[in-house]
Amino acid sequence: MANNSLFLKSGFIKVPLQNGVGRFIGQLQRVTIKFCKSHGNSRGVREFIENDLVDFAKQNPGVVVYVKPRRHRGPSIVGEYLNGERNWKPAGNLSREEIFKWINLMTVQNGETEAFRYRKHIRTKMPSIQGVWTPFTHRNLPNNLITYPNEELGEVLHKEQTATERLLEIAMQQNLESDTSKEQQKD
Amino acid sequence: MVFTTFVNFIRSRGPDEFWRKRKIFKLAAHMYGRRRNCYSIAIRAVHKSLQHATLGRKFKKIHMRDLWTRRITAGAEQHGVSFIQFNEGLHKNKIQLNRKVLADLAVWEPATFESLARLGEELDNYGNIKE
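As a starting point, this report considers the structure included with it. (Residues numbered from 1 in each chain as written. Chains lettered and ligands numbered in written order. Predicted model: local features only at pLDDT ≥ 70, side-chain atom pairs only at ≥ 80, totals over all residues. Heavy atoms only, no water.)

## Some details on the side chain of Asn87(A)
Residues and elements named next belong to chain A.
Now for step 1: By the secondary structure assignment, asparagine 87 is in strand β5 (residues 86-90).
Now for step 2: The class of asparagine 87 is buried, set by a relative accessible area of 11%.
Now for step 3: For asparagine 87, the side chain forms a polar contact with the side chain of threonine 113, separated by 3.2 Å.
Now for step 4: Setting aside residues no more than four positions away along its own chain, asparagine 87 makes contact with Ile77, Val78, Gly79, Tyr81, Met106, Gln109, Gly111 and Thr113. (Helix = DSSP H or I, 4+ residues; strand = E, 2+ residues; numbered from the N terminus. Buried < 20%, exposed > 50% of the residue type's maximum accessible area, 1.4 Å probe, protein only. Polar contact = N/O pair within 3.5 Å; in protein donor to acceptor, adjacent residues only side chain to side chain. Contact = heavy atoms within 4.5 Å.)

Here's what the structure looks like:
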């Protein structure tokens, strides 16, 4: 399956750590409540609008609340956030208390809260303390500063005895032996 | 002449057909030719790709473990230690780090990894001390 055709999105851990360190700024920009004025599954939404909505709007002055009566369709709540993300929630057959809780939860959320697969279960700004491995980590660095031609490194490796040297060696030995034998003969 | 009977032969397959098929086309959007445009062909392609995804979950684990092993071997060989020697060195010293962590150390903490590799230097490939 190609990644773009999977329904379960994947990503790295989001860490909105700056918000709340100094001052907490609510990320919810606007809430849109769509409901039907007559259908049964909008009953909870209607009760919420009649009783709790104005208090909610007063308590959250930074949030704009839109109410959209739409006939013959199920109710929904959409929260739009400062980072542009949208959190759509179906509100069909929810009770007034449940809707109250969900809308108040949206005020402390950050954006889309759909489940998504973590590519890595860790997120750090400092993944390496000893220094990341490079191809030069375990290499002998002075080698990089050598100027060529270098006498030491230019020496021949594995100097084996050549055939000529071996023959000369044999000849020397034979001469020595013949010299000694001649001396013995003289004596 | 108005033929009113023929209208009755038109079969409505149901109002949901568009969305039922759209679910399949979404999963086949990256495919070639008729596999992404024609439903009867797309459905077969999508079923096969879902099968591959199911099987692939097992292979992902195998592939990741192989990758970690290769990385550990590469890191250890830099210090003149084979993977078997490295592993034996860890076992002798009762270090129970798994391959994932060892591979991470080889990449991010090369000094620590070197010290772990040195633990296996004196061992041969059978876990006995050399010489």
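## Observations regarding the pairing of strand β4 (residues 76-81) of chain A
Residues and elements named next belong to chain A.
Now for step 1: When you tally the buried positions in β4, you get five out of six residues, the bulk of the element.
Now for step 2: Where strand β2 (residues 28-35) lies against β4, six bridges are found, and the strand directions are antiparallel. Among the inter-strand pairings, isoleucine 33 is bridged to a residue of β4, identified as isoleucine 77.
Now for step 3: Pairing of β4 with β5 involves five bridges; the strand directions are antiparallel. Considered in β5, the bridge of glutamate 80 is made with arginine 86.
Now for step 4: Between the end of β4 and the start of β5, which pair antiparallel, lie four residues, with glycine 84 showing a positive phi angle near 90°. (Pairing = 2+ DSSP bridges.)

## Describing the pattern of salt bridges
Now for step 1: Under the counting rule described, the total for this entry stands at seven salt bridges over all chains.
Now for step 2: Where Arg96(A) meets Asp52(A), a salt bridge forms, and the shortest distance between an N and an O atom there is 2.9 Å. Of the two residues, Arg96(A) sits in helix α3 (residues 96-108) while Asp52(A) sits in the loop between α1 (43-51) and α2 (53-59), which places them 44 residues apart along the sequence.
Now for step 3: Relative accessible area serves as the criterion here: at 14%, Asp52(A) is assigned to the buried category.
Now for step 4: Ionic pairing is found between Glu114(B) and Arg118(B), a salt bridge with its closest N-O pair at 2.9 Å. (Salt bridge = Lys/Arg side-chain N within 4 Å of Asp/Glu carboxyl O.)

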